[in-house]
Amino acid sequence: MASAPLLQNDTLPPANAGVAVGLELGVLHEGFSPDSMTSKGDQRVSMVPDVAEQLIKDGYGVNVEKGAGVYSGFADQAYVQKGCRIANRAEVIKKSSVLFSIEPPVSDFAACKGKVVISWVGRLLDKGKDICEKAKAAGVTLIDVTAVPRITIAQKLDVLSSQAKVAGHRAVIEASYAFGRFHTAEMTAAGKYPPSQTFVLGCGVAGLAAIGTSKAMGSVVRAWDVRDVSDQVHSMGAKWVAVDFKESGEGQGGYAKESSDAFKKFQQETFKKVLSEVDIAISTAAIPGRPSPLLITKDAVAAMKPGSVIVDLAAQGGGNCELTKPNEIYTTENGVTIIGYSDMPARMANQASTMYAQNMCNLLRHIHAKGKAAEFLKNLNGALDAGEEGDIVSRSIVCSRNGQLVKMPPPPQPTPVKPKAAAPAEKKAAKADPLKASLVSAFVLTFGICCLLAMGEGVKSSLLTTFLLAGAAGYQAVWGVAHALHTPLMSVTNAISGCTAIGGLLLLEKSESPVAYQLAALAVLVSSVNIFGGFVVSQRMLNLFKKPGDKDYSGMMLFPAVIFLIISLQAPDLLKAVSTVSALLCVAAIGGLATMSTANAGCKFGMVGVFGGMIATMVGLSKANLLFSSLLLVIGGSAGIFMGLKVSPIALPQTVAAFHSLVGLAAMCTSIGSFVSRPVSGATMENTSAILGDFIGGVTLTGSLIAFGKLNGNLSSKELSLPGKNYLNLTGLFLFIFFMYLYLQPDEKHGVLILWIVGALACLMGLHLVASVGGGDMPVCITVLNSYSGWALVAEGFLLNSNVLTIVGSLIGFSGAILTKIMCDAMNRDIFNVLFGGMNNAPAVKGDDTGPKEHVECNVDLCAEMLVNAKEVLVVPGYGMAMARAQTPMGELAAMLRKNNITLKFGVHPVAGRMPGQMNVLLAEAGVPHEWVLEMDEVNPDMENFDVVLVMGANDVVNSAAQELEGCAIWGMPVIEVWRAKKVIFCKRSMGGGYADLDNPVFYKSNTEMLLGDGKKTADSLVTKVRERLEKV
């Protein structure tokens, strides 16, 4: 008999076999009974089977009193199946070291001596203080779950919030039952019926839940709170009721404070008017430890319409309504039903118990930390013994220990509410000194004019005029290009920069040196790769933006190429005109990219322009050079077409970078070859252009190769930080100036050697400059390299006296500069900081949080449920989506939700991805119509209207640290303010930071959940779950 079990259920196989029990937990019956004469508690239970299973895995043993969960919908067998033991009350108390009971088991305190009792005490109330005294006398360690401090790390433990949410929801259900009429507007054969009118007083957790449920049922909702939370109320679709009396409503611990008598009188007059107009009033205003404030007077009740309903969730503290009877429902003489139930959560016992139990699980896990069950008591006592250095949560919730009362520490001060308009007004008011601004502008203008005049001394006036006019035209054209077309713009300008082939062709014809001839041939070869490959990539990208059924006749724009060919062959006198018109077509190409409707035509303009410039040059070549150059163009063009057809949209950034390197190489070759062919020393326009083209080309060559390596994953995206790196860059610049001075001397005999040295120096500088740029600045870096390729072309134009090269080079140089300006503005970055690798040099900034940050995770099922139940959804894509190749399932998800009347939009940040506009191209590849894709400035004003924001692989572009942590690496950067939406879900691989390597505070906000995992697998699963869910509707 000694081996026989003491309890029958002890023979059941436990679910936690193999797990050592570190601490025994006990779950007590709340004493509820259908017989109101014997019932002592409510229907809830402090622990549910699913949560008990989690605790068992943490090393706890769970003993449940027989029948404890029956009235919440949890049978004893459900607990047994999860590994719990069922026993009578005495055995549970005896076997357990920690006991759970929502209502403090005061009658059992004597049997609980030396044990920990976790209950809803309310230690600040008179009743709670009496319970604490009894626990002290009995030697019980009493924990009050309502005393959890209002801080970030304790949000998951807050039973007041979880139960208040249930109460707010249930209040609407009770009101609806008592109201007995439609909530939503109805138009039927039996008549037309208006929607109900609901007034929610108090916008805490319960109030917001009541607003949400009322709106979901179709009621027209108004709301008020002593604190100004009008933005939050409006975001839920309710109307804010303003009490025009100035008084701060913020109190300790995040609750509202008690109002002054003058304010109360004024607000009651306001409420009386509103109450006379509405059908349902739900009041939720309660202040812990004090009587509930009077909001609804008997005069206001008398003014309400017959059939109206008041639900007073503050009844336990005396009620917000003067006529409330605690725990009763009755109807006044004028037909107003007043509900004063104080057990609203218990009326949804299953849901309330589940949420309460999860709070308890989170509480245990917070205290036991990584040590799990075996460390719970040790960590709890350790926090109390450590005094002010101990865990604030543990010190706040323990009421008594070792026969002594434990003093509760003062509640932490809540985070001050941000002024809504004061901050921006102050920034606008802080204007710069007009005198200083004028002096700076005057200096910049004077310096620019001096530079142009200096150029005019050596550059022909016709070339200088061409340069300036082309730059002005390009400047105006680029500003008009749509953000979504920035990537095609980069690709088209890259292809046009292949006009370096023209320089190579001119050098082929005039060179007599074998070295110069070989350099010219190399320039033609690599430039042809750039031209053909660039235009193929551009056209492929633009084709992605086409809608099914769209007809494109832009190919007709290629007809002028035939005219160019005929005129070049038949009318040699018009070759200069052909070159000039061809260059103007390149300008028109950028103008065509301003809109989706003209983008394809713009690309064709670029093709015709480059063709015209090439053919006008080639007709002037000798027969041998014509055949040789044609062969080079065929070889290079074939390679370019092959690469252009093979590259995937995800690889576009590195492809553009690789093509930029070819432009730099061609410029170097032409610059050096030109001097080798005609080695005349002196400070001439040709020599100045040659050394500048050599230098710019070298920087572009190696800089682009390093950018390619970083973007392609061959090199780390982290910036290179050599000691004194900025001094190294300055040294390189001074060396270039020194060699340029030597090179331009009239009697210099080593000009060729100096050019090779400058080329090598430029390559080293390009390598170091781009390697010093962090991954987060790559969009800016690519636009800078694009601009460099244009200036290299300008140098070639001056060198070879070519109008077409000067026009095209000026166009690309200025367009790249404007794109760089746009990118820097979008990132709040200083261009010099970018170029000299300062992205990650900002000092680390610490926030005010006092403990470890905790996030909330969700799964695919929950995310799918939220998407299906939403009306407005925003997806914010980032480079993580591109890396995971998740754009296709996201496009499928968008189409599916829109088909079911759920509006899904995409919000794209200007620098999302690794080059301007890359996300737009990827979404177009996935079949997402461009009308569904909005820019940052278009989605931010309406952010509160989105029910769900799904962030796919983005981080820095949605990081609230840009506005909250002054001095951080992205401080001041305009971001998509996703945290203002009703719910935010981050879909990313891990909790790691973005390119800026900065933690994102949005991860830890109360309306954020993390959906961690591989982006492609998650997106595919999300599509499947959403489809399944929609099919059930």
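Residues numbered from 1 in each chain as written. Predicted model: local features only at pLDDT ≥ 70, side-chain atom pairs only at ≥ 80, totals over all residues. Heavy atoms only, no water.

- As recorded by an unreviewed UniProt entry, the chain carries the name proton-translocating NAD(P)(+) transhydrogenase and is attributed to Effrenium voratum.
- The heading Catalytic activity (unreviewed entry) in the UniProt record of the chain holds the text "NAD(+) + NADPH + H(+)(in) = NADH + NADP(+) + H(+)(out)".
- Here is the UniProt Subcellular location (unreviewed entry) comment for the chain, exactly as written: "Cell inner membrane". (UniProt positions renumbered as here; feature names shortened; annotations may be inferred.)

1. What to know about the packing of aromatic side chains
Next up, step 1: Using the criterion set out here, one finds 11 aromatic pairs in the structure.
Next up, step 2: Aromatic pair F199 and F271: ring centres 5.7 Å apart, planes at 65°, arrangement edge-to-face. Taken as a pair, F199 in strand 9 (residues 197-201) and F271 in helix 8 (residues 261-275) lie far apart in primary sequence, 72 residues in all. Judged on exposure class, the residue F199 and its partner F271 are both buried.
Next up, step 3: Geometrically, the ring pair formed by F695 and F736 is stacked, given 4.0 Å between the ring centres and 20° between the ring planes. (Phe/Tyr/Trp six-rings, centres within 6.5 Å; stacked < 30°, edge-to-face > 60°. Helix = DSSP H or I, 4+ residues; strand = E, 2+ residues; numbered from the N terminus. Buried < 20%, exposed > 50% of the residue type's maximum accessible area, 1.4 Å probe, protein only.)

2. Some remarks on the sheet that holds strand 13 (residues 309-312)
Through backbone hydrogen bonds, the strands of a sheet pair up, either in parallel or in antiparallel fashion.
Next up, step 1: With respect to topology, 7 strands assemble into an open sheet ordered 11-10-9-12-13-15-14, the strand pairing being mixed. Whereas interior strands pair on both sides, the edge strands pair on one side only; in this sheet they are strand 11 (239-240) and strand 14 (329-331).
Next up, step 2: Note: strand 14 against strand 15 (residues 337-339), 3 bridges, orientation antiparallel. In the sheet register, Y330 faces strand 15, and the bridge partner there is I338. (Pairing = 2+ DSSP bridges.)

3. Describing unusual backbone geometry
Next up, step 1: In this model, N327 sits at a positive phi of 65°, which is unusual for a non-glycine residue.
Next up, step 2: Note that N327 resides in the loop between strand 13 and strand 14.
Next up, step 3: One non-glycine residue, N901, lies in positive phi territory at about 65°.

4. With respect to the packing of helix 20 (residues 575-592) against helix 21 (residues 596-618)
A pair of packed helices can be characterised by two numbers: the angle between their axes and the separation between those axes.
Next up, step 1: Relative orientation of the contacting elements helix 20 and helix 21 amounts to 155°, with a least axis distance of 7 Å. In this view, helix 20 runs roughly antiparallel relative to helix 21, as classed from their interaxial angle. Every pair of crossing elements has a handedness; the one defined by helix 20 and helix 21 is left-handed. Contacts from L575, V578, S579, S582, L585, C586, A588, A589 and G592 of helix 20 reach helix 21 at T598, A599, G602, F605, G606, V608, G609, V610, G612, G613 and A616.
Next up, step 2: Of the residues contributing to the contact of helix 20 with helix 21, the split by class is 11 nonpolar, 9 polar and no charged. (Axes fitted to C-alpha atoms, helices over the stretch in contact; angles between N-to-C directions. Parallel < 35°, antiparallel > 145°, perpendicular 65-115°, else oblique. Left-handed = near helix turned anticlockwise from the far one by under 90°. Contact = heavy atoms within 4.5 Å. Nonpolar A, V, L, I, M, F, W, Y, C, P; charged D, E, K, R; others polar.)

5. Notes on the pattern of salt bridges
Next up, step 1: Scanning all chains against the criterion turns up 28 salt bridges.
Next up, step 2: When the shortest N-O distance is used, the salt bridge between K82 and D50 registers 3.4 Å. Note that K82 is positioned in the loop between helix 2 (76-81) and strand 3 (85-87) and D50 in helix 1 (residues 49-57), a separation of 32 residues in sequence.
Next up, step 3: On the basis of relative accessible area, D50 is assigned to the partly exposed category, the value being 47%.
Next up, step 4: We note a salt bridge from R227 to D225, for which the minimum N-O separation is 3.0 Å. (Salt bridge = Lys/Arg side-chain N within 4 Å of Asp/Glu carboxyl O.)

6. Let's talk about the nonpolar core
Next up, step 1: Among the nonpolar cores identified, the biggest contains 118 residues, and I496, V876, V949, V951, V978 and F986 are the most heavily contacted of them.
Next up, step 2: Apart from residues lying up to four places away in sequence, V876 is in contact with G907, V949, L950, V951, M952, A954, V958, I976 and V978. (Core = buried A, V, L, I, M, F, W, Y, C linked by side-chain atoms within 4.5 Å.)

7. Quick look at the sheet that holds strand 19 (residues 903-908)
Next up, step 1: Read across the open sheet, the 6 strands follow the order 20-19-18-21-22-23; overall the sheet is parallel. Two strands lie at the open edges of the sheet, namely strand 20 (933-935) and strand 23 (1008-1012), each paired on one side alone. Averaged over all pairs of adjacent strands, the angle between strand axes in this sheet comes to 25°, irrespective of strand direction.
Next up, step 2: Alignment of strand 18 (residues 872-877) against strand 19, held across 4 bridges, turns out to be parallel.

8. Regarding the pairing of strand 16 (residues 398-401)
Next up, step 1: Summarising the sheet, strand 6 (residues 141-144) and strand 16 pair through 2 bridges and their orientation is antiparallel. Bridged to I143 within strand 16 is V398.
Next up, step 2: Strand direction decides the pairing type here: strand 16 and strand 17 (residues 404-405), joined by 2 bridges, are antiparallel. Bridged to R401 within strand 17 is Q404.
Next up, step 3: Linking two consecutive strands that pair antiparallel, namely strand 16 and strand 17, is a turn of 2 residues; a positive phi of about 55° is found at N402 within it.

9. Quick notes on helix 24 (residues 685-712)
Next up, step 1: End to end, helix 24 covers 39 Å across 28 residues, agreeing with the expected 40 Å (1.5 Å per residue, within 8%).
Next up, step 2: Counting buried positions along helix 24 yields 22 of 28 residues, so the element is predominantly enclosed.
Next up, step 3: Once helix 24 ends, the next one or two residues include G713, with phi positive near 90°. (Expected span 1.5 Å × (residues − 1).)

10. Here's the deal with helix 19 (residues 559-570)
Next up, step 1: Taking 1.5 Å of rise per residue, the 12 residues of helix 19 would be expected to cover 16 Å, and the 17 Å separating its terminal C-alpha atoms lies within 8% of that figure.
Next up, step 2: All of the buried residues in helix 19 are A561, F564 and S568. Considered in projection along helix 19, the buried side chains sweep an arc of 55° and stay on one side of the axis. With respect to the buried face of helix 19, the exposed residues turned more than 90 degrees away are F559, L569 and Q570. (Arc of directions from axis to C-beta.)

11. A short note on the pairing of strand 6
Next up, step 1: Here strand 6 shows no split at all, with T141 and I143 on one side and L142 and D144 on the other all buried.
Next up, step 2: Between the parallel pair strand 5 (residues 116-119) and strand 6, the chain is carried across by helix 4 (residues 126-138), and the sense of this crossover is right-handed. (Right-handed = clockwise from strand over helix to strand, strands pointing away.)

12. A word on the state of the cysteines
One way to say it: the disulfide is the covalent bond shared by the sulfur atoms of two cysteines.
Next up, step 1: Taken as a whole, this structure holds 0 disulfides when the rule is applied.
Next up, step 2: Of all cysteine sulfurs in the structure, the one in C499 sits closest to C586, which takes part in no disulfide; the separation is 5.3 Å.
Next up, step 3: When its relative accessible area of 1% is taken as the criterion, C586 is described as buried. (Disulfide = S-S within 2.5 Å.)

13. Re the confidence of the model for the chain
Next up, step 1: Overall, the predicted model of the chain reaches an average pLDDT of 82, with 85% of residues at or above 70.
Next up, step 2: Confidence drops under pLDDT 50 across residues 1-19; counting only partners more than four residues distant or on other chains, this segment forms 19 contacts.
Next up, step 3: Segment residues 837-852 is flagged for pLDDT under 50; beyond a separation of four residues in sequence, or across chains, it makes 28 contacts in the model. (pLDDT = per-residue confidence, 0-100.)

14. Remarks on the environment of A78
Next up, step 1: Positionally, A78 belongs in helix 2.
Next up, step 2: For A78, a relative accessible area of 24% puts it in the partly exposed group.
Next up, step 3: Separated by 29 residues in the primary sequence, A78 and P49 place their C-alpha atoms 6.2 Å from one another.

15. Some details on the environment of L728
Next up, step 1: When you line up the elements, L728 lands in helix 25 (residues 725-743).
Next up, step 2: Using a relative accessible area of 43% as the deciding quantity, one classes L728 as partly exposed.
Next up, step 3: A sequence separation of 40 residues divides L728 from H768, and the C-alpha atoms of the two residues are 8.7 Å apart.
Next up, step 4: Excluding residues within four positions of it along the chain, L728 makes contact with L722, P723 and H768.

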